[in-house]
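# Summary of the model geometry
The residues making up each chain are set out below.
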Amino acid sequence: ILNVEQSPQSLHVQEGDSTNFTCSFPSSNFYALHWYRWETAKSPEALFVMTLNGDEKKKGRISATLNTKEGYSYLYIKGSQPEDSATYLCAFKSASKLTFGTGTRLQVTL
Amino acid sequence: NAGVMQNPRHLVRRRGQEARLRCSPMKGHSHVYWYRQLPEEGLKFMVYLQKENIIDESGMPKERFSAEFPKEGPSILRIQQVVRGDSAAYFCASSPPDQGASYEQYFGPGTRLTVT
């Protein structure tokens, strides 16, 4: 059974704070690591797909890094805004499916 | 350019009835995935289909559940003789034909099934 773990489970920050979350995954049989942003009552929205050890990806104020040898990825949000409030999911891709972590629930307040 | 469509968005069934959930992938996408989110749990993979083929059904319960993706029309997830434990949100995702490991899966809005 694949184990994909995310921490922290939830996070409450003030507007303007920078924050980061961790995703841990198996280091064997690695195809890709996906990050999704999931707002309540909406569909999960793809943020990044990362495939190579050492990958760094950026989209606006959000960036992610990948270490496949030790099995972890970090997601960073710089200068958090209330609209960043969502659950952030990582998913480990093996040959044919995604195995999701349980997510980090981020709440950004004014 | 419509995204992944799922219908119905909400479905209420009595115990013992059948539930049919539909998923129309994004245009040009030939791969469909079904995931389930049980209350207080994360997304769990159920099945991966390509047109007319089941590729991986390792996450599907062995009984009462079936999935298809015919040559024409949407993918269907079918649950026979539903029980209360089937109450969950069922999400469909699609992706384009294989272009290596880096393709995204695009999710639909989900169908929330309630079994009474």
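Note that this is a predicted model, so its numbers are computed, not measured. (Residues numbered from 1 in each chain as written. Chains lettered and ligands numbered in written order. Predicted model: local features only at pLDDT ≥ 70, side-chain atom pairs only at ≥ 80, totals over all residues. Heavy atoms only, no water.)

Every contact between the two is made by 18 residues of chain B and, on the other side, 17 residues of chain A. In this assembly, chain B packs against chain A so that about 1600 Å² is buried in total across both faces, 61% of it on carbon and sulfur atoms. One can count zero salt bridges joining chain B with chain A. Inspection of the chain B/chain A interface yields three residue pairs in polar contact (both at pLDDT 80 or more). Secondary-structure elements contributing two or more residues to the side of chain B that touches chain A are strand 4 (31–37) and strand 5 (43–50) of chain B. A per-class count over the side of chain B that touches chain A returns 10 nonpolar, five polar and three charged. (Contact = heavy atoms within 4.5 Å. Buried area = accessible area lost by both parts, 1.4 Å probe. Salt bridge = Lys/Arg side-chain N within 4 Å of Asp/Glu carboxyl O. Polar contact = N/O pair within 3.5 Å; in protein donor to acceptor, adjacent residues only side chain to side chain. Helix = DSSP H or I, 4+ residues; strand = E, 2+ residues; numbered from the N terminus. Nonpolar A, V, L, I, M, F, W, Y, C, P; charged D, E, K, R; others polar.)

Following Ser-7 of chain A, the chain continues to Pro-8 of chain A via a peptide bond in cis, the omega torsion being -5°. By the secondary structure assignment, Pro-8 of chain A is in the loop between strand 1 (5–7) and strand 2 (10–14). Geometrically, the link from Asn-7 of chain B to Pro-8 of chain B is a cis peptide bond, its omega value of -5° lying close to zero. Along the chain, Pro-8 of chain B turns up in the loop between strand 1 (5–7) and strand 2 (10–13). If you check the backbone angles, Glu-40 of chain B has positive phi at about 65° while not being a glycine. Tracing the sequence through the fold places Glu-40 of chain B in the loop between strand 4 and strand 5. Overall, the relative accessible area of 83% leaves Glu-40 of chain B in the exposed class. Non-glycine residue Glu-52 of chain B carries a positive phi angle of around 65°. The topology assignment puts Glu-52 of chain B in the loop between strand 5 and strand 6 (53–56). (Buried < 20%, exposed > 50% of the residue type's maximum accessible area, 1.4 Å probe, protein only.)

Once that is clear, we can look at the sheet that holds strand 6 (residues 56–59) of chain A. Residues and elements named next belong to chain A. Here we have five strands laid out as an open sheet, ordered 1-3-8-7-6, and antiparallel in their pairing. In the strand order of this sheet, the two ends are held by strand 1 and strand 6, each with one partner. Neighbouring strand axes in the sheet, compared pairwise and without regard to direction, differ in orientation by 15° on average. Of the pairings in the sheet, the one linking strand 6 to strand 7 (residues 62–67) comprises four bridges and is antiparallel in character. Following the sheet pairing, Lys-59 is matched in strand 7 by Ile-62. (Pairing = 2+ DSSP bridges. Axes fitted to C-alpha atoms, helices over the stretch in contact; angles between N-to-C directions.)

Time to look at the state of the cysteines. Two cysteines whose sulfur atoms are joined by a covalent bond form what is called a disulfide. This structure, assessed with the given rule, holds two disulfides over all chains. Disulfide pairing is shown between Cys-23 of chain A and Cys-90 of chain A; the S-S distance is 2.0 Å. Handedness of the Cys-23 of chain A-Cys-90 of chain A disulfide follows from its S-S torsion of about 75°: it is right-handed. A residue pair is termed long-range when its members are at least 10 positions apart, and Cys-23 of chain A in strand 3 (residues 19–24) and Cys-90 of chain A in strand 9 (residues 86–93) qualify at 67 residues. Comparing Cys-23 of chain A with Cys-90 of chain A, the two get one shared label, buried. Bridging Cys-23 of chain B to Cys-92 of chain B, the disulfide has an S-S length of 1.7 Å. Taking the torsion about the S-S bond as the criterion, the Cys-23 of chain B to Cys-92 of chain B disulfide, at about -45°, is left-handed. Taken as a pair, Cys-23 of chain B in strand 3 (residues 19–24) and Cys-92 of chain B in strand 9 (residues 88–95) lie far apart in primary sequence, 69 residues in all. The exposure classification of Cys-23 of chain B matches that of Cys-92 of chain B, with both residues buried. (Disulfide = S-S within 2.5 Å.)

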